Amino acid sequence: MKQLLAATAAFALATSATAQEEPQGAPSPNEIVAQADASDWKAIDAEDLLVMTLAPDRDGNERQVVIQLMPPPFSQGWVENIRTLARAGWYDGVSINRVQDNYVVQWGDPNVDNPEAEGDAKPLPTGLKVMDERDYVVSQRSEALTDIAMRGTRFWRNFYSVFQKKTGIMSPGLKGKGVNIDNYATYFYFARGWPLSMRDGEWSPVHCYGMVGVGRGYSPDTGSGAELYTVIGHAPRHLDRNIALVGRVVEGIEHLSSLPRGEGALGFYEDARKRVPIESIRVASDLPAAEQPRFEYLSTERETFARYAEARVNRRDPFFIEPAGGADICNIPVPVRRIIAE
């Protein structure tokens, strides 16, 4: 027993010494976020949040997913349809029908666009908007983009200022010099809390992990919003500008990404019993005040976000040996946090 106690004490001392010897370095991205001032955070309106309640898991645990809807000027026809569908209770009783590994989780009426369909499609509410393929993007000349362009310019000024202070390099616009290189677009910005890319004079949201899009058939079908999916794998950026993106999961992605993969084509479930029922999807502002989730995102227009983004591009915290000199746009996720009511 004495030998056991002595060995335990020696291990504790060694562990303590190791912890004390951890090298000091620049703050990590998470540390920068944790130290952000209250004024660096912006509230997400309850009208822009969806609360999706799945059937409990096999152990009886509740499963809830919260989605933030895309702000103007992007995908607003689909976003309006989604609010209409939610308020009509249309999503209640649909299911998760497809889980494709390293790709997407998809939900909606199992009798629509599903090789394992077994019955008639669920009637849609009247008055849903029909969008054109041109609505996947927004022209750079659009007046609705004026504010985004101004916010993007403000971010880059902050980013360049932080970059210069950290590296002493005056022109970070070169590959390997500390800016994120996007092979799918000419430019990228962060504005209103979202990553955006621009190509050929047109802006679009990007397919990062957790983004939510609208399922559709072959062109010219653009989908209504009744069928939705979220990204659970490596960012499928080839889908950008080909499908409407309408939001992102801000909480509960683990309830989707951990589901069993479908065994059928494209990850559809061949066995209907494996589909996860969706009990309800509600616009958060329609819930009783006490039940409305509250979230904030780190403002992408402030220097704190520029410091965070630069730290993601060039990691200098103690674990890292060599800064990468670049980061994919999806490797700079915009921090979102839940606010707990006091």
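The rules behind each value
- Residues numbered from 1 in each chain as written.
- Predicted model: local features only at pLDDT ≥ 70, side-chain atom pairs only at ≥ 80, totals over all residues.
- Heavy atoms only, no water.
- Helix = DSSP H or I, 4+ residues; strand = E, 2+ residues; numbered from the N terminus.
- Buried < 20%, exposed > 50% of the residue type's maximum accessible area, 1.4 Å probe, protein only.
- Contact = heavy atoms within 4.5 Å.
- Areas by Shrake-Rupley, 256 points an atom, 1.4 Å probe, with all protein chains shown as cover.
- Phe/Tyr/Trp six-rings, centres within 6.5 Å; stacked < 30°, edge-to-face > 60°.
- Core = buried A, V, L, I, M, F, W, Y, C linked by side-chain atoms within 4.5 Å.
- Pairing = 2+ DSSP bridges.
- Axes fitted to C-alpha atoms, helices over the stretch in contact; angles between N-to-C directions.
- Disulfide = S-S within 2.5 Å.
- Salt bridge = Lys/Arg side-chain N within 4 Å of Asp/Glu carboxyl O.
- Polar contact = N/O pair within 3.5 Å; in protein donor to acceptor, adjacent residues only side chain to side chain.

1. Observations regarding the overall build of the protein chain
Secondary structure assignment for the protein chain yields six helices and 15 strands. Counting over 342 residues, the protein chain shows a buried share of 49%. In the protein chain, once contacts between residues fewer than 6 apart in sequence are set aside, the share between residues at least 24 apart is 73%. For the protein chain, the exposed area adds up to about 17700 Å²; of that, 51% sits on carbon and sulfur atoms.

2. Structural notes on the packing of aromatic side chains
If you walk through the whole model with that rule in mind, you get seven aromatic pairs. Each ring, one from F305 and one from Y308, has its centre 5.5 Å from the other, and the planes form 45°; the classification is tilted. Linking F305 with Y308, this pair stays in helix 6 (residues 303–313), spanning three residues, or about one helical turn. Each member of the pair, F305 as well as Y308, is classed as buried. Ring geometry for F319 against F320: centres 5.5 Å apart, planes inclined by 85°, an arrangement best described as edge-to-face.

3. Here's the deal with the nonpolar core
Of all hydrophobic cores here, the largest spans 85 residues; its most connected members are Y91, I96 and W107. No other element matches the six residues that helix 6 contributes to this core.

4. Here we look at the sheet that holds strand 14 (residues 295–298)
Taking strand neighbours across the sheet as the criterion, the three strands line up as 1-14-15 in an open arrangement whose pairing is antiparallel. Each edge of the open sheet carries a strand with a single partner, namely strand 1 (41–43) and strand 15 (336–338). Sheet twist, expressed as the mean angle between neighbouring strand axes with direction ignored, is 30°. Relative to strand 15, strand 14 is paired through three bridges, and the arrangement is antiparallel. Paired with F295 across the two strands is R338, which belongs to strand 15.

5. Thoughts on the state of the cysteines
Taken as a whole and judged by the stated rule, the model has one disulfide. Two residues, C208 and C330, share a disulfide whose sulfurs are 2.1 Å apart. Around the S-S axis, the bridge from C208 to C330 shows a dihedral of about -80° and counts as left-handed. Taken together, the residues span a long stretch of sequence, with C208 in the loop between strand 9 (202–205) and strand 10 (211–214) and C330 in the loop between helix 6 and strand 15 at a distance of 122 residues. Residues C208 and C330 agree in their burial class; the two are buried.

6. Remarks on the side chain of R275
Of note, R275 is situated in the loop between helix 5 (254–257) and strand 13 (276–283). For R275, a relative accessible area of 11% translates into the label buried. Setting aside chain neighbours within four positions, we find R275 in contact with S95, I96, N97, P110, N114, E116, E118 and Y269.

7. A look at the pattern of salt bridges
What the rule picks out here adds up to 18 salt bridges. In this structure, R302 engages D40 in a salt bridge whose closest nitrogen and oxygen atoms are separated by 2.5 Å. Within this pair, whereas R302 is found in the loop between strand 14 and helix 6, its partner D40 is found in the loop between helix 2 (29–34) and strand 1, the two being separated by 262 residues in sequence. Of the charged contacts, one joins D92 and R282 as a salt bridge, the two residues approaching to 2.8 Å between their closest N and O atoms.

8. Details of helix 6
Counting buried positions along helix 6 yields nine of 11 residues, so the element is predominantly enclosed. Where helix 6 is concerned, the buried positions are T304, F305, A306, Y308, A309, E310, A311, R312 and V313.

9. What to know about the sheet that holds strand 2 (residues 49–54)
The sheet built from eight strands closes into a barrel, its strands ordered 2-3-12-10-11-5-4-13 with antiparallel pairing. Direction aside, neighbouring strands of the sheet carry axes that sit 35° apart on average. In the sheet, strand 4 (residues 95–99) pairs with strand 13 via two bridges, with the strands oriented antiparallel. From the neighbouring strand, S95 faces strand 13, where its bridge partner is P277.

10. A closer look at the side chain of D40
What makes D40 buried here is its relative accessible area of 4%. Within the local environment of D40, its side chain forms a polar contact with the side chain of R302, the two groups lying 2.5 Å apart.

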